[in-house]
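Descriptive analysis of the structure
For reference, the chains in residue letters:
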Amino acid sequence: MTTALIDRVRSRLLAAEGEATPGRVAAALRDEGLVLGDDAVLDLVVRMRQDMVGAGRLEPLLREPGVTDVLVNGCGEVWVDRGAGLARAHVRFESEADLRRLAQRLAAAAGRRLDDASPHVDARLPDGVRLHAVIPPVAVDGTLLSLRIPPRRAFSLDDLVDRGTIDEPRAELLRGMVHARLSLLVSGGTGSGKTTVLATLLGEVPVDERIVIVEDSTELAPQHPHVVRMQARTANVEGSGQITSRDLVRQALRMRPDRLVVGEVRGAEVVDLLAAMNTGHEGGAGTVHANSPGDVPARLEALGVMAGLDRIAVHALVSAGIDAVVHVRREHDGRRVVDGIHVLAREPGGLVATQAALTRVHDQFVEGPGMERLRERTFQG
């Protein structure tokens, strides 16, 4: 059975908008002038369903408990992260065409296009899975597909203690920081657990407060009774209709937020977020990519300068508006841990630097010079 024949059978089923049942597949084969035995038809039914429903042959991996990421590097390489680092999966695509077809179908399910004119896509699937795909010729060795599975449930601070992300005394400190309405940034690298930690902290916000969340792609789902979420939108095929995170931050300020949250600070929205944190909106939060807590001021400076602010103005807003940085790191064994908590302090030259309040050393937390200030801000009342 050739790939071309299978494609024609698939096209007939799609055109008829019918489910890939044995009877429909057999009828499509007869229309193509081919009659197969029952076993061959059933095998083809399984293949058709894989190609037409959900994530196809990747679906079992996405539904497997504990899986956080599924990565496809061309039709011959599928990798899966079950929380302990990447491992090769026993899944293969028979051809580049099969993989490309799946990537395009997933993009369409997210309301996006993926073709030669638009060879990459970053979107969220209806079930919450984060999709990123790149097709040739941009992807040199074949279609690249990255699927990130959101947490299947919201975590509490007690859950993070049980998982070894943080210990009990420091969990109580984080809880106190949230209740004291400190403005926080959660920093870390890609896949380090920033979103999980931030969602957990938002779950500690008092139930009578309103949380308004702005994200490029919806990921945060805190366990809280009053959460309002907004998602940015890219331009359509005609180049219109774009709604940026900065647009949404401005809208959020008019929605009576008790806590304004930006899922990831990565662009010009940093200006509006910092401005909000300096105009009475205490207890705001967000995440930012950074290799260490000490790199956060420089990262915010770069974003602010690109948005049109001068360097000193950015540091002034950061100093007055952000109280602490919670840094998370992914260990070699796959564990995500809180690596430290820093406070921000303005130096004599007007620039902002971080001071370590707590630093993780061999799974133990060591207090630093910023701890006294953090205690004062957290437990002042």
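Residues numbered from 1 in each chain as written. Predicted model: local features only at pLDDT ≥ 70, side-chain atom pairs only at ≥ 80, totals over all residues. Heavy atoms only, no water.

Description of the layout of surface pockets
The probe, sized like a water molecule, is rolled over the atoms to show the empty space still left. Convention followed: Using a grid of 1 Å spacing that covers the protein atoms alone, one calls a set of points a cavity when a 1.4 Å probe fits there but cannot get out, and a pocket when the set is open and has protein on both sides within 12 Å along at least five of seven lines; lining residues are those with an atom within 4 Å of a point. Grid points are joined across faces, edges and corners, and a volume is the space filled by probe spheres set on the points. The helix and strand labels rest on DSSP assignments: H or I over at least four residues marks a helix, E over at least two residues marks a strand, and numbering proceeds from the N terminus. Each residue is assigned to one class: nonpolar for Ala, Val, Leu, Ile, Met, Phe, Trp, Tyr, Cys and Pro, charged for Asp, Glu, Lys and Arg, and polar for all the others, Gly among them.
Taken as a whole, the largest pocket holds about 1,300 Å³ of empty space. What lines the largest pocket is a set of 46 residues, and nearest its centre among them are T68, D69, R148, I149 and R336. Looking at which element gives the most residues to the lining of the largest pocket, the answer is helix 8 (residues 194–202), with four residues. Of the residues assigned to the lining of the largest pocket, the class counts are 10 nonpolar, 18 polar and 18 charged. Considering the residues around the second largest pocket, the lining is formed by 28 residues, among which R112, D122, R233, T234 and A235 are closest to the centre. Of all the secondary-structure elements, those providing two or more residues to the lining of the second largest pocket are strand 4 (120–124) and strand 5 (130–134). Sorting elements by how many residues they give to the lining of the second largest pocket places strand 4 first, with five residues.

Overview of empty space enclosed by the protein
Here the structure, examined in full by the defined rule, presents three cavities of 30 Å³ or more. Here the largest cavity is characterised by a volume of approximately 70 Å³. The wall of the largest cavity is formed by V178, L182, L184, L198, L201, L202, V205, R259, G283, G284 and A285. The element that contributes the greatest number of residues to the lining of the largest cavity is helix 8, accounting for three residues. Grouping the constituent residues of the lining of the largest cavity by class yields eight nonpolar, two polar and one charged.

Side note on the sheet that holds strand 15 (residues 364–367)
Heads up, the rule is: Criterion used throughout: strands pair if DSSP finds at least two bridges between them. Fitting a line to C-alpha atoms yields each axis, with helices limited to the stretch in contact; the angle taken between N-to-C directions then spans 0 to 180 degrees. In what follows, residue pairs with any heavy atoms lying within 4.5 Å of each other are defined as contacts.
Across the sheet, nine strands lie side by side as 9-8-10-11-7-12-13-14-15; this open sheet has mixed pairing. Unpaired on one side and paired on the other, strand 9 (227–231) and strand 15 mark the two borders of the sheet. Taking the axes of each pair of neighbouring strands and ignoring which way they run, one obtains an average angle of 25° across the sheet. Across the sheet, helix 9 (residues 245–252) touches strand 8 (211–215), strand 9 and strand 10 (259–262), and the angle it forms with strand 8 is around 170°.

Remarks on the sheet that holds strand 2 (residues 78–81)
As a general point, the strands of a sheet are linked pairwise by backbone hydrogen bonds and lie either parallel or antiparallel. Spatial strand order, 3-2-1-6-5-4: six strands in an open sheet with antiparallel pairing. The open sheet terminates on both sides in strands that have one partner only, identified here as strand 3 (86–88) and strand 4. On average, each strand axis in the sheet is inclined to that of its neighbour by 15°, with strand direction left out of account. Note: strand 4 against strand 5, five bridges, orientation antiparallel. Residue pairing in the sheet places V121 in a bridge with A133 of strand 5. Sheet strands in contact with helix 5 (residues 96–109) are strand 1 (69–73), strand 4, strand 5 and strand 6 (144–148), and its direction is about 45° off that of strand 6.

Observations regarding the side chain of E209
We apply this condition: Throughout, exposure labels follow a simple rule: accessible area from a 1.4 Å probe, protein chains only, divided by the maximum for the residue type, with under 20% read as buried, over 50% as exposed, and the rest as partly exposed.
Counting through the fold element by element, E209 comes out in the loop between helix 8 and strand 8. Note on E209: relative accessible area 12%, which makes it buried.

Here's the deal with the nonpolar core
Put simply, the test is: Take the buried residues of types Ala, Val, Leu, Ile, Met, Phe, Trp, Tyr and Cys, join any two whose side-chain atoms come within 4.5 Å, and each joined set is a nonpolar core.
Core analysis: the biggest nonpolar cluster contains 34 residues, and L174, M177, L201, L202, V261 and L374 have the highest contact counts within it. For L201, the contacting residues outside a window of four places in its chain are L157, L174, V178, L184 and V186.

With respect to helix 11 (residues 296–306)
The periodicity of an α-helix, 3.6 residues per turn, causes residues three or four places apart in sequence to face the same way. If you check which residues of helix 11 are buried, you get V296, P297, L300, E301, L303 and G304. Residues of helix 11 that are buried in the fold lie against strand 7 (184–188), helix 10 (269–277), strand 11 (285–289), helix 12 (311–321), strand 12 (324–330) and strand 14 (352–361). Of the residues one or two after helix 11, G308 is the one with positive phi, at around 110°.

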